[in-house]
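# Descriptive analysis of the structure
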Amino acid sequence: MLRFDDQPVSRSELERVANALRAHGPDRSDISVSGGIGLVHVLMRMTPEDRSDHQPYQGQSGSMITADLRLDNRKEILARIALESRETMAWPDSRIVLSAWEKLGDTVWPMLRGPFAVAIWDPQNRKLTLARDQIGLNVVMWHRNERFFAFATMPNGLFAMDGVRRELCEEKLADFLVLNHADHATTIYENIFRVRPAHIMQVDSRGTITQHHYWSPHDVKPVRLRSDQDYADGLRACLDVAVRRQMRSAHPIGCLLSGGLDSSSVAVLAAQALKERSQRLTAFTGIPRRGFDGPVAAGHYADETPYVDAIARMAGTIDVTYVANDAADDFAELDRFFIALEGPVRNPTNLGWVLAILRLARKQGRRVLLGGLHGNSTISWSGWSQAADHLRRGRWLTALRQWNLYYRRTPYSRWTATRNLFIEPLLSAWLGDWRSNRSAPWQKHSPIHPEYAATMGVEARARAKGLEFSYRTRPDEPIQWLLQAEYAGDWRAADKAPTGVEVRDPTADIDVVSYCFGIPPEQYLAEGTDRSLIRRAMWGLLPEAVLTNRLRGLQDADWHERFAGRRSELASEITALSQSPLARRAIDLARLERTVSNWPTGGWDRPDIFTEYNLALMRGVAGGRFLRWFESAN
C-alpha cells in the first residue's frame, strides 16, 4: 500500500492482507511499514533458495522488494551484474532481481526468464515499480482511490484493506460468459485491475500512474538457419534448456502427461535430465473410467493410455500414475476454488480431475509438475493459418501446397478447405458485416441471457478490442492464442493455493516463445506434414505412434456419465439460481431448465449436444454458482 494522503500505513491492516493471502504463502510471512508505504510478502517455498528468502527485502540502495517470482536464468543475471560468487549463488531469486534492478534499472525486465510479478519501492525517488513477466504467468492486481494505491497477487488481498469495495463488474461478467478474454487489464471486480503481461507500472508519491510495455511478440527477431533439420534441432535444444532450468525445485519433480506432442516432449526431456542424476520421472495422466467405450467426436480419442504407455516404454525411466475421471467431483470443488480464484470457472467439467491429479501429486510429495499447456501456440502450432498470408504476399505456389496438404490431412471438402484457409481470413471485414445480421456464434455455447448480453454490449466491446467471435483462421493465430486468456496468472495462483503444487510450462518459456515466433512459419508445415516442427524435433525421443498420430485426445471424455445420474441435482441448482436477482438477469435459466429436462439418451459425440450440455449447461450452472457465492460472501 502506498498512501498519498499524508496518513501512515496501518500495520494491522497489512496483517489482515497477509492473513487473506496465507493460502498462497503458508510457509512464511512478513510486513514492512515505513510511513506512507507498507509491503507484505507471504512465501510458499518451491525452490532450494527459497529457504533463505525473507521478503520484503531491502537492498544496498535502500530500495525494497516484494515479489512472486521464479528466476530461471539466475546465473546469467548474476554474471550480467558481475556478482558471481559462492555466496550469491545461494541468494533467493528476489535478492538477485533487486540487485540487478539497482544496477540496471527497468532495462532488467526483458532479461529475466521465468514467471514473475515484482514490486519495488524506491525511497529516494519516492516511486513504486510493478512489473509482470512477458506471458503473464504470474499476476499482480491493483486498486487506486483518492487516498492510496494498493496492489496484491489476488483480489482477496485487496479486499482485506479498508476502503477497497468488493463490487462485481457486470460488463466483465458478461464478457466472461461469452468467452471474451481480450481485455487483460480489467478484472471481474469494479476498480480492481491487472498489470498487463510484459508491462511496467510506476506510481509516484502523489498517486500518478504511468505504464508501458517492455516486450511484444511482434518485436521478436527473425531466426534464420540453413536447413529444415537445423530448425528442428534448434527447437529441441531450446526446449531442453527450458525444461532443465524449470526443474530447479525444493521438492521432487513430476509431470502432467498426455499422449499428445506437447506434454510428451516436455516429459521425455525431463526424464533424460533426471536420468543423468540416476532418478526417474513420475507422470500423472487423466483417463476415463475403466471400461469406458462411449462414442467420441470424429478425429479424437478418449483414452490416453496406449500412447502414454508407449512413451513410458521408450523413455525407460518414466513411471505413470493414471487418474480416472470418475473419482472426481467437479461441482464439489467449485466453492473451494472460488475462494482461491475469487472468480468464475470457465471449464467446470475439467476442474475435478485436474485438482484430483494435483492433490495426488501433493500426497506423493511431488509439488512441482511440468506440463505443456501453451504448446499449441508455440512448439506444436498446426501452421494452417499462414496460408492466407502467403497468398496475399504473392507466394502462390506455397499457398497452393499448403492448401493441398490441408485438404489431404483434414476431413474437409475442397470448398470448405478453400473457405477456411483463404476466404474467411482474407475477407474478414466483409464477412463480419454479413455475420452481424445473423445470430452471434457465442450464442451456441454461452449460457448468457440474450437481453443481458445486449444490455452489457458484449458485441460492441469485443469489436473495440479487436475480438472476432467468428473464430475464423487468422495469420496471427499463435500470438492470439498465447495472449488470449487474461486470467492465466490468476488460474495458476488458484491451482497452487489449495493444493500446494506448482505447474510449470516450458512451452511458455520466453526463449521458446521467441524461437517459435521467429522462425519462418513454413517450418510448421515442412516436409508435407502438419505440426511438422515438433514432430521432426522429437524424432527418436518419442514413439512413432505418437509422432505420426493426427487424432487429438479428448479431455474428460466420460464427463456426461458423471452428470447423467445427477439431473435432479442440476435441476435443484437451477431452481436455487432463480432466487438470485443477478443470476436471473445474467444467466438464461429457462434454457438451462429445458436442457436438463431434455437429457439425451445418446449422441454425446455430436457437436451440438456437446456444445449444449458440456459448454452452455455446465458453464451456466457453474457461473450461476459463482454469483450465488459472490452474493453470500459479500
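Just above, that's the structure.
Our subject in this report is the structure included herewith.

What counts, and where the lines are drawn
Residues numbered from 1 in each chain as written. Predicted model: local features only at pLDDT ≥ 70, side-chain atom pairs only at ≥ 80, totals over all residues. Heavy atoms only, no water. Helix = DSSP H or I, 4+ residues; strand = E, 2+ residues; numbered from the N terminus. Rg over C-alpha atoms; globule rule 2.2 N^0.38 Å. Buried < 20%, exposed > 50% of the residue type's maximum accessible area, 1.4 Å probe, protein only. Contact = heavy atoms within 4.5 Å. Areas by Shrake-Rupley, 256 points an atom, 1.4 Å probe, with all protein chains shown as cover. Lys, Arg positive; Asp, Glu negative; His and termini not counted. Charge placed at Lys NZ, Arg CZ, Asp CG, Glu CD. Pairing = 2+ DSSP bridges. Axes fitted to C-alpha atoms, helices over the stretch in contact; angles between N-to-C directions. 1 Å grid on protein atoms, 1.4 Å probe; cavity = no way out; pocket = protein on both sides within 12 Å on 5 of 7 lines; lining within 4 Å. Points joined across faces, edges and corners; volume = space filled by probe spheres on them. Nonpolar A, V, L, I, M, F, W, Y, C, P; charged D, E, K, R; others polar. Phe/Tyr/Trp six-rings, centres within 6.5 Å; stacked < 30°, edge-to-face > 60°. Salt bridge = Lys/Arg side-chain N within 4 Å of Asp/Glu carboxyl O. Parallel < 35°, antiparallel > 145°, perpendicular 65-115°, else oblique. Left-handed = near helix turned anticlockwise from the far one by under 90°. Right-handed = clockwise from strand over helix to strand, strands pointing away. Expected span 1.5 Å × (residues − 1). Arc of directions from axis to C-beta.

## A short note on the overall build of the protein chain
Across its full length, the protein chain carries 27 helices and 19 strands. A compact globule built from 634 residues should have a C-alpha radius of gyration of about 26 Å, and the protein chain, at 25 Å, falls within 12% of that. A burial count over the protein chain gives 58% of its 634 residues as buried. Relative to all contacts within the protein chain whose residues are 6 or more apart in sequence, the contacts with residues 24 or more apart total 70%. Carbon and sulfur atoms make up 49% of the accessible area of the protein chain, which totals about 26,600 Å². Looking at the protein chain, you have 81 positive and 76 negative side-chain charges, and the mean spots of the two groups are 2 Å apart.

## A look at the sheet that holds strand β11 (residues 199–204)
If you trace the 6 strands from one edge of the open sheet to the other, you get β4-β5-β6-β7-β11-β12, paired in antiparallel fashion. Looking at the sheet topology across the chains shown, the edges are occupied by β4 (57–58) and β12 (209–213). Relative to strand β5 (residues 64–69), helix α3 (residues 93–104) is tilted by about 125 degrees, and along the sheet it contacts β4, β5, β6 (116–122) and β7 (127–132).

## Description of empty space enclosed by the protein
Within this structure, the stated rule accounts for 3 cavities of 30 Å³ or more. Lining of the largest cavity is provided by 18 residues; of these, I188, R194, P344, Y487 and D490 occupy positions nearest its centre. With 3 residues, the single largest contributor to the lining of the largest cavity is helix α5 (residues 170–177). In terms of residue class, the lining of the largest cavity is built from 8 nonpolar, 4 polar and 6 charged. Taken as a whole, the second largest cavity holds about 100 Å³ of empty space. Along the walls of the second largest cavity sit 16 residues, with G114, P115, L137, A508 and D509 positioned nearest its centre. Looking at the lining of the second largest cavity residue by residue, the classes come out as 6 nonpolar, 3 polar and 7 charged.

## Points about the packing of aromatic side chains
Tallied over the full model, the rule gives 21 aromatic pairs. Each ring, one from W559 and one from F610, has its centre 6.2 Å from the other, and the planes form 85 degrees; the classification is edge-to-face. Note that W559 is positioned in helix α23 (residues 559–564) and F610 in helix α27 (residues 607–633), a separation of 51 residues in sequence. Taking relative accessible area as the criterion, F610 reaches 30% and is therefore assigned partly exposed. Note on W604 and Y613: the rings are 5.5 Å apart at their centroids and 80 degrees apart in plane angle, and the pair reads as edge-to-face. One aromatic cluster is present, formed by F159, Y189, F338, F626, W629 and F630 through successive ring pairs.

## Examining the pattern of salt bridges
One pass over the structure, following the stated rule, counts 41 salt bridges. For D175, the salt bridge goes to R461, with nearest N and O atoms at 3.0 Å. You can see D175 sitting in helix α5 and its partner R461 sitting in helix α17 (residues 458–464), a full 286 residues away along the chain. When the shortest N-O distance is used, the salt bridge between R550 and D530 registers 2.7 Å.

## Side note on the environment of L547
By the element assignment, L547 lies in helix α22 (residues 544–547). The exposure class assigned to L547 is buried, which follows from its relative accessible area of 2%.

## Points about the packing of helix α12 (residues 396–409) against helix α13 (residues 414–426)
Look at α12 against α13: their axes get within 10 Å of each other, and the N-to-C directions meet at 130 degrees. One finds that α12 runs oblique with respect to α13. α13 is crossed by α12, and the crossing has right-handed handedness. In contact with A399, Q402, W403, Y406 and Y407 of α12, α13 contributes R414, A417, T418, N420, L421 and F422. Among the residues forming the contact of α12 with α13, the class breakdown is 7 nonpolar, 3 polar and 1 charged.

## Looking at the pairing of β7
Counting buried positions along β7 gives 5 out of 6 residues, so the element sits mostly inside the fold. Looking at chain direction, β6 and β7 are connected through 6 bridges and run antiparallel. By the bridge assignment, A117 is partnered in β7 with R132. Turn length for the β6-β7 hairpin, with the two strands adjacent in sequence and antiparallel, is 4 residues, and the turn residue R126 shows positive phi of about 50 degrees.

## Remarks on unusual backbone geometry
Omega for the bond connecting Q55 with P56 falls within 30 degrees of zero, at 0 degrees, which places this linkage in the cis form. Along the chain, P56 turns up in the loop between β3 (37–43) and β4. One non-glycine residue, A82, adopts positive backbone phi at about 55 degrees. You can call A82 exposed: its relative accessible area is 64%. Of note, R126 is a non-glycine position whose phi angle comes to about 50 degrees, a positive value.

## What about the pairing of strand β13 (residues 253–256)?
As paired elements, β13 and strand β17 (residues 368–370) share 3 bridges and run parallel to each other. Within β17, the residue paired with G254 across the bridge is L369. Pairing between β13 and strand β14 (residues 281–287): 3 bridges, direction parallel. When the sheet's bridge partners are listed, C255 is paired in β14 with A283. Crossover connection from β13 via helix α7 (residues 261–275) to parallel β14: handedness right-handed.

## Focus: helix α6 (residues 228–245)
Across its 18 residues, α6 extends 26 Å between first and last C-alpha, which sits within 8% of the 26 Å expected from 1.5 Å per residue. Inspection of α6 places Y231, A232, G234, L235, C238, L239, D240, A242, V243 and R245 among the buried residues, and these make up the whole buried set. Considering only its buried residues, α6 is in contact with α7, β17, α20 (510–518) and α21 (532–537).

## Section: helix α24 (residues 567–577)
The complete set of buried residues in α24 reads L570, E573, I574 and L577. Along the axis of α24, the buried residues cluster in a sector spanning 100 degrees; they form a single face.

## Brief notes about the side chain of T285
For T285, the location among the structural elements is in strand β14. Residue T285 is classed as buried on the basis of its relative accessible area, which comes to 1%. Setting aside chain neighbours within four positions, we find T285 in contact with L257, E304, V308, V320, T321, Y322, V323 and I357.

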